[in-house]
Amino acid sequence: MLTRRQAGLGTAAIGLLPGLAAAQTAPAAPTGTGFHRFKVGSFTVTVVNDGFARRGIEGLVLNAPPDAVRAVLAESFLPTDHYIGPYNVTFVDTGRQLVMIDAGTGGQLTPTAGRLGANMAAAGLDPARVGLIIITHCHQDHIHGLTTAEGAAVFPNAEVAVCETEHAWWADASNETRSPQGQRVNFANVARRFAPYQGRIRRYAPEAEIAPGFRAIAAHGHSPGHTVVQVADGNDQMLMLADITHRPELFARRPDYVSLFDFDGAAAAASRRRILDRAAADRVRVTGYHFPFPSNGFITREGEGFRFIPADWNA
Ligand SMILES: [Zn+2]
């Protein structure tokens, strides 16, 4: 049911991605393997691809001209006539529990995404075995996958953990006029996606231990309570960077770029620099929701910003 695609959703339903609908093309048949596995201590991490969204370059970065954006993309050998935003969900099997960080698009956001269920099956990850879903923030592409289009819970045995700051913002309709126009869709969507999980929603404090081995790191700005998750076991650790950057080839290299997805551009840029600086200084492994699959690598300082370096991998 995760792979169900809802055709005919208007641009309002994908309000975070203005310009997307016009740029959509039919999804190509998936090729290759949509999951990737590695270890953090004794934990088994599996990054599972959910597909991608395609949009134009115009309007993507609010504080730089499109030609400057195109030049940065070209430096990383990315297309300059359109922008691809990948979706990758990070799973962590601790041996005690299967933990999932964010929930994918549920096949209800754009026709080019919605492969999470099929790729989970390929990876041997059963939705019924997910015991905890850590939500980094409540933008549509991160929580749509909590429910089917009909509103049923996709993960029947999961507790859902969300930052109290994040949840409080979107749960209070009086904040609507203080939110960017493109993000107002989140108020109704948060209520809808969390509804079937009532009674098993936990609100964690901004720097709390969410579960053994999982710590929240406040990184507010991209959304009111946007959170990075530190995953640690023994002497090994990893940072799930969530949306601290959208594609790192653009927003890590130019950390002061404000994307149209950022709730508070100045705060998002400050969090971006602080977290990327920490990842680079600690030489710690990272994954990111919109990083290029398999979204497994490291951050290094370079020039005026940072660069994502994919990890070595051997079968
Ligand atoms: Zn996102």
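Here's a quick rundown of the structure. Quantities reported herein were computed from a predicted structural model and do not represent experimental measurements. (Residues numbered from 1 in each chain as written. Predicted model: local features only at pLDDT ≥ 70, side-chain atom pairs only at ≥ 80, totals over all residues. Heavy atoms only, no water.)

### With respect to helix α2 (residues 66-75)
Then, in step 1: Taken as a whole, α2 has its buried residues at Val69, Val72 and Leu73. Taken end-on, α2 shows its buried residues confined to a sector of 100°, consistent with a single buried face.
Then, in step 2: For α2, the elements touching its buried residues are β3 (83-93) and α7 (248-251).
Then, in step 3: The positive-phi residue at the C-terminal boundary of α2 is Phe77, with phi of around 60°. (Buried < 20%, exposed > 50% of the residue type's maximum accessible area, 1.4 Å probe, protein only. Helix = DSSP H or I, 4+ residues; strand = E, 2+ residues; numbered from the N terminus. Arc of directions from axis to C-beta. Contact = heavy atoms within 4.5 Å.)

### Some words on the pairing of strand β1 (residues 35-40)
Then, in step 1: Residue alternation in β1 divides its side chains into a buried set, His36, Phe38 and Val40, and an unburied set, Phe35, Arg37 and Lys39.
Then, in step 2: Note: β1 against strand β2 (residues 43-55), 6 bridges, orientation antiparallel. Across the sheet, Phe35 pairs through a bridge with Val48, a residue of β2.
Then, in step 3: Between the antiparallel neighbours β1 and β2 lie 2 residues, among them Gly41 with a positive phi of about 60°. (Pairing = 2+ DSSP bridges.)

### Notes on the coordination of the zinc ion
Then, in step 1: The protein atoms that coordinate the zinc ion are Asp141 (OD), His142 (NE2), Asp243 (OD) and His290 (NE2), at distances of 2.1 to 2.4 Å.
Then, in step 2: The site at the zinc ion holds 4 donor atoms, and with the angles between them running 88 to 172°, its shape is irregular. (Donors = N, O, S within 2.8 Å, 3.2 Å for Na, K, Ca; no water. Tetrahedral: all angles 85-135°; square planar, octahedral: opposite > 155°, others 65-115°.)

### Concerning the packing of helix α5 (residues 164-171) against helix α6 (residues 185-194)
Then, in step 1: It is the contact of α5 with α6, at a shortest axis distance of 8 Å, that shows an interaxial angle of 115°. One finds that α5 runs roughly perpendicular with respect to α6. Contacts between α5 and α6 involve His167, Trp169 and Trp170 from the first element and Asn186, Phe187, Val190 and Phe194 from the second.
Then, in step 2: Across the contact of α5 with α6, the residue classes tally to 5 nonpolar, 2 polar and no charged. (Axes fitted to C-alpha atoms, helices over the stretch in contact; angles between N-to-C directions. Parallel < 35°, antiparallel > 145°, perpendicular 65-115°, else oblique. Nonpolar A, V, L, I, M, F, W, Y, C, P; charged D, E, K, R; others polar.)

### Some thoughts on unusual backbone geometry
Of all residues except glycine, most have a negative phi; of all peptide bonds, most are trans.
Then, in step 1: Here the residue pair Phe293 and Pro294 is connected by a cis peptide bond, since its omega of 10° sits within 30 degrees of zero.
Then, in step 2: By the secondary structure assignment, Pro294 is in the loop between β12 (285-287) and β13 (297-302).
Then, in step 3: Despite not being glycine, Ala242 shows a phi value in the positive range, around 50°.
Then, in step 4: On the basis of relative accessibility, which here comes to 0%, the residue Ala242 falls in the buried class.

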